[in-house]
Amino acid sequence: MTSLALLAAANLLLNPSFEDWPEGQLTPTHWSTGDRKHAAERIYRLTALGTDGETAVGFLNGSMGNSLSQSVRVEPGKYYNLSVDVRTDVKMYQFRMMPYWQDAAGHRLKDANKYSGLPNADVKTPWHTLTLKNYLAPTNAARLVVSLVPNDCWSNRGVPGKIEIDNARVWESSAVREDAPVAITPSPCFAQKSSVVLSAA
């Protein structure tokens, strides 16, 4: 469950608790998915079961390759924190929060594979808050893309189950860097512009 200290910081994400989700729309407003073809089968709405508000998001087991993503504007040289509430009813079901930077042209920047997740864990109850702290924006970063990724183990594929998420957050950290941040080059593997929904934040 998210602490009061986190709630006090300004959240840069739009619709972070997935409350705005019109009937018939594949994903919550301001969020995009990595697999629109199967989104209707694998992503579903939860009501009155989340940690904030009335709505949460559920992923069915077997959702490998699916995700929810949103990007926010950032300032180079500043640190950012990320968190999301998550629970699952399947042992060995993985979930990861995987952020990455984009430059002003929308290109993904080559960076370390920094993520926070629940690997090989059975966490049926209660809700757990995954947090990444002090993620430093390089000098050529314009946006931070936050991807919430269910990633079930191959040994667990086909086992009935689900993973549920709520209350995603991105906020500016109070950490101060004494040395100057550096630029990182766009990754050749992600030369094309991202299709992630851009928020107004």
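Note that the structure is a prediction, hence the values are computed from the model and not measured.

(A) Highlighting the sheet that holds strand S8 (residues 128-136). Strands sit in the order S2-S3-S10-S5-S8 across an open sheet of five strands; the sheet is antiparallel. Strand pairing shows two members of the sheet lacking a second neighbour, strand S2 (43-47) and S8, which therefore form its edges. Taking the axes of each pair of neighbouring strands and ignoring which way they run, one obtains an average angle of 30 degrees across the sheet. Two elements, S2 and strand S3 (residues 55-60), share five bridges in a ladder whose sense is antiparallel. Directly across from Leu 46, in S3, lies its bridge partner Ala 56.

(B) Quick peek at the confidence of the model for the protein chain. Taken as a whole, the protein chain shows an average pLDDT of 75; of its residues, 62% reach a score of 70 or greater. Per-element confidence in the protein chain is highest for strand S4 (residues 68-73), whose mean pLDDT is 95, and lowest for helix H1 (residues 4-7), whose mean pLDDT is 50.

(C) Local environment of the pairing of strand S5 (residues 79-88). Within S5, ten of the ten residues are buried, which leaves the element mostly enclosed by the surrounding structure. A two-sided burial pattern is seen for S5, the buried positions comprising Tyr 79, Asn 81, Ser 83, Asp 85 and Arg 87 on one face and Tyr 80, Leu 82, Val 84, Val 86 and Thr 88 on the other. Where S5 lies against S8, seven bridges are found, and the strand directions are antiparallel. Counterpart to Tyr 79 in the pairing with S8 is Leu 136.

(D) Structural context of the packing of aromatic side chains. Under the definition given, this model contains three aromatic pairs. Aromatic side chains Phe 18 and Trp 31 sit 5.3 Å apart centroid to centroid with 55 degrees between the ring planes, which places their arrangement in the tilted category. Here Phe 18, found in the loop between H1 and strand S1 (32-33), pairs with Trp 31, found in the loop between H1 and S1; they are 13 residues apart in sequence, far enough to count as distant. Overall, the relative accessible area of 0% leaves Phe 18 in the buried class. Looking at Trp 31, the relative accessible area reads 2%, which means it is buried. A network of ring pairs unites the aromatic residues Tyr 80, Trp 101 and Tyr 135 as a single cluster. Over the face of the ring belonging to Tyr 100 we find Arg 108, whose NZ or CZ atom lies 4.0 Å from the ring centre. Directly above the aromatic system of Trp 171 lies the positively charged group of Arg 169, at a separation of 5.5 Å from the ring centroid.

The rules behind these values
- Residues numbered from 1 in each chain as written.
- Predicted model: local features only at pLDDT ≥ 70, side-chain atom pairs only at ≥ 80, totals over all residues.
- Heavy atoms only, no water.
- Pairing = 2+ DSSP bridges.
- Helix = DSSP H or I, 4+ residues; strand = E, 2+ residues; numbered from the N terminus.
- Axes fitted to C-alpha atoms, helices over the stretch in contact; angles between N-to-C directions.
- pLDDT = per-residue confidence, 0-100.
- Buried < 20%, exposed > 50% of the residue type's maximum accessible area, 1.4 Å probe, protein only.
- Phe/Tyr/Trp six-rings, centres within 6.5 Å; stacked < 30°, edge-to-face > 60°.
- Lys NZ or Arg CZ within 6 Å of the ring centre and 35° of its normal.

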